Amino acid sequence: MRVESISTEPLRELARKRLSGKVVVAVMSGKGGVGKSTIASLIAILTARYGETTLVDLDIHGTSIPRAMGVQDRMHEVSKEGIEPIKVLDNLGVISIRGIVGSKYVVLPGEREGNVMEALLAFTNYGDSRFVIIDMPPGMSDELLVLGRVTRFTPIIVTTPSKQSLYVVEDLIRYLIDAKQQPRYLIVNMSYIQHGASIIRPFGDVGMAYELGKKYGLSIIELPIDPSLENYIGSIINYRGELLSKLEQIVRAIIGK
Amino acid sequence: MAVHEWSLAAAIVESVDRWARDNNVDSVIKVVVEIPTIAMIDLEVLRDAFNMLKQESRLVNAELEVRQVSPRFRCRACGYVFSENDVNKQLKELMGEYGEEYPLHLMPDLAPTLLKCPRCGSHDIEMLESQIRVVEVVTK
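Since the model is a prediction, treat every value here as computed from it, not as a measurement.

### Let's talk about the overall build of chain A
What chain A contains, in helices and strands, is nine helices and 12 strands. The C-alpha atoms of chain A give 18 Å as radius of gyration, which agrees with the globular expectation for 257 residues (18 Å, within 12%). Overall size of chain A, expressed as C-alpha extent along the three principal axes, is 75 × 40 × 40 Å. In chain A, the proportion of contacts linking residues at least 24 apart, taken out of those at least 6 apart, comes to 77%.

### What about the sheet that holds strand S1 (residues 2-5) of chain A?
Strand order in the open sheet formed by four strands is S1(A)-S6(B)-S1(B)-S2(B), and the pairing between neighbours is mixed. Bordering the open sheet on either side are S1 of chain A together with strand S2 (63-69) of chain B, each of which pairs with just one other strand. Direction aside, the axes of adjacent strands within the sheet are offset by 20° on average.

### Observations regarding the nonpolar core
Core analysis: the largest hydrophobic core is formed by 120 residues, its most contacted members being Val27, Ile43 and Ile134 of chain A. Looking at which element gives the most residues to this core, the answer is helix H1 (residues 4-22) of chain B, with 10 residues. Sequence-distant contacts of Ile43 of chain A, that is, excluding residues within four places in its chain, are made with Val25, Val27, Ile133, Leu247 and Val251 of chain A.

### Details of the packing of helix H1 (residues 10-19) of chain A against helix H5 (residues 110-123) of chain A
Residues and elements named next belong to chain A. Across the interface, H1 lies against H5 with an axial gap of 7 Å and an inter-helix angle of 45°. Judged by the angle between their axes, H1 and H5 are oblique. For the crossing formed where H1 meets H5, the hand is left-handed. Residues Leu11, Arg12, Leu14, Ala15, Arg18 and Leu19 of H1 lie in contact with H5, whose contacting residues are Glu118, Ala119, Leu121 and Ala122. The residue makeup of the contact of H1 with H5, split by class, is seven nonpolar, no polar and three charged.

### Some words on H1 of chain B
All names here are of chain B. Counted at 1.5 Å a residue, the expected span for H1 with its 19 residues is 27 Å, and the 27 Å between its end C-alpha atoms agrees. Extensive coverage of H1 is indicated by the burial of 16 of its 19 residues. Asn24 lies just past H1 and shows a positive phi near 50°.

### A few points about the sheet that holds strand S4 (residues 81-83) of chain B
All names here are of chain B. Pairing within the open sheet is antiparallel, and its three strands lie in the order S4-S3-S5. Here the strands that pair on one side only, and so sit at the sheet edges, are S4 and strand S5 (125-128). Averaged over all pairs of adjacent strands, the angle between their axes in this sheet comes to 25°, without regard to strand direction. Of the strand pairs in this sheet, strand S3 (residues 72-75) and S5 are connected by four bridges, and their pairing is antiparallel. Paired with Phe73 across the two strands is Met127, which belongs to S5.

Reading the values: rules and limits
Residues numbered from 1 in each chain as written. Chains lettered and ligands numbered in written order. Predicted model: local features only at pLDDT ≥ 70, side-chain atom pairs only at ≥ 80, totals over all residues. Helix = DSSP H or I, 4+ residues; strand = E, 2+ residues; numbered from the N terminus. Rg over C-alpha atoms; globule rule 2.2 N^0.38 Å. Contact = placed C-beta atoms within 7 Å. Pairing = 2+ DSSP bridges. Axes fitted to C-alpha atoms, helices over the stretch in contact; angles between N-to-C directions. Core = buried A, V, L, I, M, F, W, Y, C linked by C-beta atoms within 7 Å. Buried ≥ 20, exposed ≤ 12 C-beta atoms within 10 Å, placed from the backbone. Parallel < 35°, antiparallel > 145°, perpendicular 65-115°, else oblique. Left-handed = near helix turned anticlockwise from the far one by under 90°. Nonpolar A, V, L, I, M, F, W, Y, C, P; charged D, E, K, R; others polar. Expected span 1.5 Å × (residues − 1).

Below you can see the structure in the form of structure tokens.
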């Protein structure tokens, strides 16, 4: 008989096991306010057409997914299999810290953040989900490290055409390449607005985004500003507008259709 | 009914089984874990779940020993060092507010946002022993 002091990582191993074999897509940006949560929601709605999907809101300090989906007042149920996603479609469930703390704000010292994110990833019951879409917090912090520890993922990077956003996003791209998580897509959100027959570019041209795409081998997807989208906050599953059709090409490429 | 304990048991089994595979250990006969008291874990349910989930692993012959650890807190704003006892009233209120699946049961790391320093009211709380940890195994 041997007694050994060991130190294992129970939550990390559970997260690894529960996420293994799933297609994990992480929607991220170095910048805040570029539309990550909206795009993550729409991508999840699209993947749900092809297979069961869990949308995880990893933005623990600024949850947006529950409001986009209109489930901000629902609490998660817990079963023997874990924290149960809140169903918003037959094939789509949502996980968020909001379903655990309710309307209470989440302000945490840095050393706690990663643990809470890891717990969220570990304790979720993904069930038979084929796709796990992750709405990442803004910035470049623990979330990148935590996710990288537990799973491989397809990064989808979101920016606006503004140089302020693109400069930060370039750091994120370089980090991901160093971490051997080569991003394939750069979504340039709010690139233009269609006004009758003419196209207006409120942030000017998107040339710098294309330069970044060329430099780092990313496909560029320009998304318009769709003012009607605001009417779907709370019922985004009913949105049928242009953003959805534009994102379809990414979703088809990821799932190989 | 307490059910989150099943996920904790799965996490323990998974991580120790991985450790055993990595270290060429065929049979683990005891696992010692530390669990923060504020998580209010039902130890009986945890043990039952562990005994069910260990069957397909190198822990099949293992018993589970649980040490409950009371977290220690320190407020970074005012320096006050305090214990669970000092925030008992706050913990009770939280349990009343949220019911059985209260957030610290699922994620004890959320303590700083849900508790306040009993002296100055700050959320800037440092916490030791915040997570479930496997600390010791006995092998054949």
